[in-house]
Amino acid sequence: MKGVFKLKQHETNLKREIIAGITAFFSIVYIIAVNGNILQDAGIPLEAGIIATVLSSLIGCLLVAFIANAPLILVPGMGINALFTYTIVGSLGLHYMEALAAVVISGILFVIVAFSKLATVLFKAIPTSLKESITVGIGLFIAFIGLQKSGIIVGNPTNFVALGNLSSPVVLASIINLILTLFLFLKKVPGNFLISIIAGTIISYFFGLVHFPKEGTAFLSFSDYKNVLFSADFGKMATIPFWSATFSLVLVLVFENIGLLHSQVNGMLQAPEKNGKSLKAVSLSTIVCGLLGTSPSVSTVETAAGITAGGRTGVTSCVTGFLILSSLFFMPFIKMVPNTAIAPILIIIGGLMLTNIVHIDFTDFTEAFPAFLVIIMIPLTYSIVDGIAFGFIAYPLVKLFTNKQKQLSLSIYIVSILFLTNFLLHAIG
């Protein structure tokens, strides 16, 4: 192992790498319950979604370990799972099997981008204001979903949304769990989200919101997962919604991963030579996710926990991946986790993603207004695709109206026309 991962060359040792892997695991293990919960909203059985999350995380971590020898953690990402469930399945109307096919195709396109110079070209061509606004808008969307799951925000026939019943057990448990989760997060307690899920489940039990599995239920069953594994359905490939979903997935995957990898590999790890290989590993993991039955993986921000703990090589990723696999032994508990324990994490993650708004130049209205449209339209349309479309269509218009067309690239024109065409075809249809 030392020879494969070149520990001496990276000025590290096996003990340090294992500790870093364990640290990263406790910072990211919450994703198993959270992602399974979100996939369930797309129609994927909970246990199948959990198994798919675990297996894709293991393979993702192994890919980045052996391809890039980097201590990155690849798991199905927050934001991209919301795009999969609430936009592609919920708004575009694809069945989850057809959505998985879109993930596979987007993965193939992502591989083409990652293994060529297209990644750099695309990243430089899209304005910072639009890239950052996508993250912010998705953050608001995730927080909105968390508020809905908690019962704090409910539907209203007059105002569309309204404050929920603050005396209901669901809302009370959610608020208590949110306060606890916020305390643990701000105090930087190791494994804060994992602890909050465990404590939140116990608190919810006293409100009568946790249901124990029936006697005789199998400890771990693959019966549902057999129907999800390799179930990607390419039957809708000739339709507009399918390609709208695929295009949106590629857009988010490219921008989010390039941004994350730049900060992690170039910044924290200070190993720019591993950047390209890491992106290739992430792109390959996307195809794997579609085949295994989950939304795409990303290099998560929790990777920072492993790097901070001393992780420098792929050993860290391997340790984290196999620990995630071991979590299947806790399947009965994971399935018991209620929305009231999941919602606080969604709300806080949404708040974290909102911090990217500082990178948007609000002093230039031609940059600010398209970004504003993306940010506000993603949660209001309940569609990440439609929200992004409004901003990308508006961007060239405001630049042309102010004689700043020199700031427009060919890529922006192409993307804007594609989004506009999508709207027109939907209107005609």
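Residues numbered from 1 in each chain as written. Predicted model: local features only at pLDDT ≥ 70, side-chain atom pairs only at ≥ 80, totals over all residues. Heavy atoms only, no water.

Overview of the layout of surface pockets
Consideration 1: Quantified by volume, the largest pocket comes out at close to 1400 Å³.
Consideration 2: Looking at the largest pocket, it is lined by 43 residues, and the ones nearest its centre are L260, T300, V301, E302 and L352.
Consideration 3: Put simply, the parts of the chain that give the lining of the largest pocket at least two residues each are α2 (14–28), α3 (30–41), α8 (128–150), α10 (192–206), α11 (240–268), α13 (303–308) and α16 (339–354).
Consideration 4: A total of 8 residues in the lining of the largest pocket trace back to one element, the largest contributor, which is α11.
Consideration 5: Here the lining of the largest pocket is built from residues that sort into 24 nonpolar, 14 polar and 5 charged.
Consideration 6: Of the pockets and cavities examined, the second largest pocket occupies roughly 560 Å³. (1 Å grid on protein atoms, 1.4 Å probe; cavity = no way out; pocket = protein on both sides within 12 Å on 5 of 7 lines; lining within 4 Å. Points joined across faces, edges and corners; volume = space filled by probe spheres on them. Helix = DSSP H or I, 4+ residues; strand = E, 2+ residues; numbered from the N terminus. Nonpolar A, V, L, I, M, F, W, Y, C, P; charged D, E, K, R; others polar.)

Considering the pattern of salt bridges
Consideration 1: Tallied over the entire structure, the rule returns 6 salt bridges.
Consideration 2: E47 is the salt-bridge partner of K335, the closest N and O atoms lying 3.0 Å from each other. Remark: E47 occurs in helix α4 (residues 46–68) and K335 occurs in helix α15 (residues 331–336); sequence separation between them is 288 residues.
Consideration 3: Through salt bridges that share partners, D364, E367, K399 and K404 make up one connected network. (Salt bridge = Lys/Arg side-chain N within 4 Å of Asp/Glu carboxyl O.)

Some points on the nonpolar core
Consideration 1: One finds Y30, I388, F392 and F419 to be the most contacted residues of the largest nonpolar core, which totals 108 residues.
Consideration 2: For this core, the element with the highest residue contribution is α11, accounting for 12 residues.
Consideration 3: Contacts of I388, omitting those with residues within four sequence positions, involve I134, L251, V252, V374, I378 and F419.
Consideration 4: Counting 6 residues, the second largest nonpolar core, distinct from the first, contains F5, A65, C318 and V319. (Core = buried A, V, L, I, M, F, W, Y, C linked by side-chain atoms within 4.5 Å. Buried < 20%, exposed > 50% of the residue type's maximum accessible area, 1.4 Å probe, protein only. Contact = heavy atoms within 4.5 Å.)

A look at helix α5 (residues 80–89)
Consideration 1: Most of α5 sits inside the fold, with 10 of its 10 residues counted as buried.
Consideration 2: Restricting attention to buried positions, one finds in α5 the residues I80, N81, A82, L83, F84, T85, Y86, T87, I88 and V89.
Consideration 3: Turning to α5, the residues buried within the fold contact α3, α6 (96–114), α8, α11 and α18 (384–401).

Focus: the packing of aromatic side chains
Consideration 1: For the coordinates displayed, the defined rule picks out 16 aromatic pairs.
Consideration 2: Geometrically, the ring pair formed by Y30 and F193 is edge-to-face, given 5.0 Å between the ring centres and 80° between the ring planes. Of the two residues, Y30 is situated in helix α3 and F193 in helix α10; the sequence distance between them amounts to 163 residues.
Consideration 3: With relative accessibility at 3%, the residue Y30 sits in the buried group.
Consideration 4: Residue F193 is classed as buried on the basis of its relative accessible area, which comes to 4%.
Consideration 5: An aromatic cluster of three or more residues is present, and its members are Y86, F141, F144 and Y382. (Phe/Tyr/Trp six-rings, centres within 6.5 Å; stacked < 30°, edge-to-face > 60°.)

Considerations on the pairing of strand β2 (residues 153–156)
Consideration 1: As paired strands, β2 and strand β3 (residues 160–163) are joined by 4 bridges and run antiparallel to one another. Residue pairing for β3: N156 is matched across the bridge by F160. (Pairing = 2+ DSSP bridges.)

Here's the deal with unusual backbone geometry
Consideration 1: The backbone of K6 shows a phi angle near 55°, a positive value even though the residue is not glycine.
Consideration 2: With respect to the secondary-structure elements, K6 resides in the loop between α1 (2–5) and α2.
Consideration 3: Given the relative accessible area of 43%, K6 is considered partly exposed.
Consideration 4: Of note in the backbone geometry, K188 takes a positive phi value of approximately 55° without being a glycine.
Consideration 5: Positionally, K188 belongs in the loop between α9 (169–186) and α10.
Consideration 6: Relative accessible area serves as the criterion here: at 70%, K188 is assigned to the exposed category.

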